[in-house]
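Coordinate inspection notes
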Amino acid sequence: MKISPDAAALLSRGTSSRGGQDHIQNRDRGPSPVPPLDNNGMMPLPSVDIQTSRLNSETASMNSTITDVAYSGKVAGLLDMVTARLGISWRVKNEEITLFYLETRRFNIDPTNAKYSLKNHQKSGLSTQSSTGGGGSSSGSSTSQQTEMANDLYGDIQKTAESMLTPGVGRLSLNQTSGVVVVTDVPEVVNRIGEYLRDENIKLSKQVLLKVVVYTVHTETADQLSIDWNVIFKSLSGKYGIHVANDFNAGSNLANGGFEILQTATGRASQWAGSQFLLQALSEQVKVSDVKTLSIMTTNLATAGMQIGKQTTYLRKTSVTTGNTTTGAEPVQSLEPGEITTGTNINIMPKILADNEKMMLTMMMDISSLNRLRRIENRNKTESIEAPDTASRSIPQRVWLKPGETVLMSGFEQNIQDGSQRGVGSSRHFLFGEGCQGKAKKNLL
């Protein structure tokens, strides 16, 4: 029989007798010292003789007598009765019985570590600022809304597991690189943490395949182009048997940037049928000039994103370095470029329920376009910069989905205007030649 050092130290200072009755363990003195693990990840346990109760100097004061025990049966039952009274545990390995207090086990986290932080900020209104002398004042009204979505995979798991430890006794260590969790605590707590980590592995290992299709209806005229969604949905229902699930009128809300759920047929072969039939219904009413299809593979509670953008370079800043009059060096003018990215940006985070029958889909969608680059000059018209004017639409949405269903989002527009004027003396004087040109584009997504 062996007694682990932590169990021996616990019993040596924690046992007391009350008139020959049950021995009561006092745990108010803090956790027992636990020796370091060996190369095999095991805790070294010195062999002792229970019958002679001759332990090392640390455990010399241990009361080795257990009274009021009457038992007949297998040894396992006797060990259960005695260790339960002492507050320790026992195990058998290689025909040796080991009494121990704390247990150390290792668990693996299957997914790799990942941290996500998404912020969506929306601001509207008007504000003005003026200053006189040394003071300033501002006025106006504005509305600001900020949506944040963030998670820390390993950090969140570690916090939850640490909350399950025995206060002042248990310890937990998480290797951020390999995803290995080492837990030291009483066996009951170690088992509970192990069950929690196994459930998290099952939940986080679920895979999600999303198909994102962006349809662009394009026009270069100034005429307003609209889509009658009532006609589209009637076509989907009558020709293809696809119904719309919503709690409001489809046409009016979609025109304002809402979303609808197309209930398509179930099964692997038809899970993308909603997007295919939608393209056919759109083509019957308007001309779809561009179709971008992307497949996004991610896992449960892991953020995935896609971006369809365009980078535009503009003149951000000009500066002049004064020349050295002694050496005759001339002033040097430097130009600092800037870059602006416009287009469609979508970030998606799925959360799958335990029964795999439903999924909460959190989406942050941002569509931006460059209206024009304004040229700003100083008073002497010796230096100038370019200022981009952009338009953007940002909508965070959350929706419940079943496997095979299609979410339809609409009401997003991009207006692109480009023009130039040239004249004699002024860009507005066309009588002596020159002229102006311009074009306007409109994209419905």
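Residues numbered from 1 in each chain as written. Predicted model: local features only at pLDDT ≥ 70, side-chain atom pairs only at ≥ 80, totals over all residues. Heavy atoms only, no water.

1. Side note on the packing of aromatic side chains
What the rule picks out here adds up to zero aromatic pairs. It is Arg91 that lies over the ring of Phe100; its NZ or CZ is 4.2 Å from the centre. Looking at Lys358, its charged tip hangs above the ring of Trp400, at a distance of 5.4 Å from the centre. (Phe/Tyr/Trp six-rings, centres within 6.5 Å; stacked < 30°, edge-to-face > 60°. Lys NZ or Arg CZ within 6 Å of the ring centre and 35° of its normal.)

2. Focus on the packing of helix α5 (residues 229-240) against helix α7 (residues 273-285)
At a closest axis distance of 9 Å, the pairing of α5 and α7 adopts a crossing angle of 125°. As judged from the angle between their axes, α5 and α7 are oblique. Once α5 is placed against α7, the crossing between them reads as right-handed. Packed against α5, whose contacting residues are Trp229, Val231, Ile232, Ser235, Leu236, Lys239 and Tyr240, the element α7 presents Phe277, Leu278, Gln280, Ala281, Leu282, Glu284 and Gln285 at the interface. Here the contact of α5 with α7 is composed, by residue class, of nine nonpolar, three polar and two charged. (Axes fitted to C-alpha atoms, helices over the stretch in contact; angles between N-to-C directions. Helix = DSSP H or I, 4+ residues; strand = E, 2+ residues; numbered from the N terminus. Parallel < 35°, antiparallel > 145°, perpendicular 65-115°, else oblique. Left-handed = near helix turned anticlockwise from the far one by under 90°. Contact = heavy atoms within 4.5 Å. Nonpolar A, V, L, I, M, F, W, Y, C, P; charged D, E, K, R; others polar.)

3. Quick word on the pattern of salt bridges
Overall, the coordinates contain nine salt bridges when judged by the stated rule. The partner of Asp389 in a salt bridge is Arg372, with the nearest N and O atoms 3.3 Å apart. In this pair, Asp389 sits in strand β18 (residues 384-401) while Arg372 sits in strand β17 (residues 359-377), placing the two residues 17 residues apart along the sequence. With relative accessibility at 23%, the residue Asp389 sits in the partly exposed group. (Salt bridge = Lys/Arg side-chain N within 4 Å of Asp/Glu carboxyl O. Buried < 20%, exposed > 50% of the residue type's maximum accessible area, 1.4 Å probe, protein only.)

4. Structural notes on the side chain of Ser384
Locating Ser384 in the fold gives a position in strand β18. The class for Ser384 is buried, based on a relative accessible area of 11%. Within the structure, the side chain of Ser384 is placed 3.0 Å from the side chain of Arg375, a separation counted as a polar contact. Leaving out residues up to four positions away in the same chain, Ser384 has contacts with Leu315, Thr318, Arg375, Ile376 and Glu377. (Polar contact = N/O pair within 3.5 Å; in protein donor to acceptor, adjacent residues only side chain to side chain.)

5. Re the sheet that holds strand β19 (residues 406-409)
An order of β12-β13-β19 is seen for the three strands of this open sheet, with the pairing classed as antiparallel. Two strands bound the open sheet, and with one partner strand each, they are β12 (243-245) and β19. Across the sheet, the axes of successive neighbouring strands diverge by a mean angle of 40°, strand direction being ignored. Alignment of strand β13 (residues 259-263) against β19, held across four bridges, turns out to be antiparallel. Pairing of Leu262 across the sheet is with Thr406, part of β19. Across the sheet, α5 is in contact with β12, β13 and β19; its angle to β13 comes to roughly 10°. (Pairing = 2+ DSSP bridges.)

6. Looking at unusual backbone geometry
A positive phi angle, close to 55°, is found at Asn94, a residue other than glycine. When you line up the elements, Asn94 lands in the loop between β4 (89-93) and β5 (96-100). For Asn94, a relative accessible area of 67% corresponds to the exposed category. Backbone geometry places Leu301, a non-glycine residue, at a positive phi of 65°. In this structure, Leu301 sits in the loop between β14 (288-299) and β15 (304-321). Among the residues examined, Leu301 registers a relative accessible area of 25% and is labelled partly exposed.

7. With respect to the pairing of β5
Pairing analysis gives two bridges linking strand β1 (residues 2-3) to β5, with the strands arranged parallel. Bridge pairing in β5 links Ile3 to Leu99. Following β4, the chain reverses through two residues before pairing antiparallel with β5; Asn94 in that reversal takes a positive phi of roughly 55°.

8. What about the nonpolar core?
Formed by 30 residues in total, the largest nonpolar core has its most connected members in Ile88, Tyr101, Ile157, Val181, Val183, Ile193 and Leu197. Within the residue set of this core, elements represented by two or more residues are α1 (5-14), α2 (75-86), α3 (153-162), β9 (171-175), β10 (180-185) and α4 (187-204). If you tally residues by element for this core, the top one is α4, at six residues. What Ile88 contacts, discounting residues up to four positions off in sequence, is Ala7, Leu10, Leu11, Thr83, Leu99, Phe100 and Tyr101. If you look at the next biggest cluster of nonpolar residues, it comprises 20 residues, including Val208, Ile352, Leu361 and Met365. (Core = buried A, V, L, I, M, F, W, Y, C linked by side-chain atoms within 4.5 Å.)

9. Comments concerning the confidence of the model for the protein
Summing up the model confidence of the protein, the mean pLDDT is 75 and the portion of residues at 70 or higher is 67%. Counted against residues more than four places away or in other chains, residues 15-32, with its pLDDT under 50, gives 34 contacts. Segment residues 247-253: pLDDT under 50, and eight contacts once partners within four positions in sequence are set aside and those in other chains are kept. (pLDDT = per-residue confidence, 0-100.)

10. Some thoughts on the sheet that holds β1
The strand order β1-β5-β4 describes an open sheet built from three strands, whose pairing is mixed. In the strand order of this sheet, the two ends are held by β1 and β4, each with one partner. The strands that α2 touches are β4 and β5; relative to β4, the one it contacts most, it runs at about 150°.

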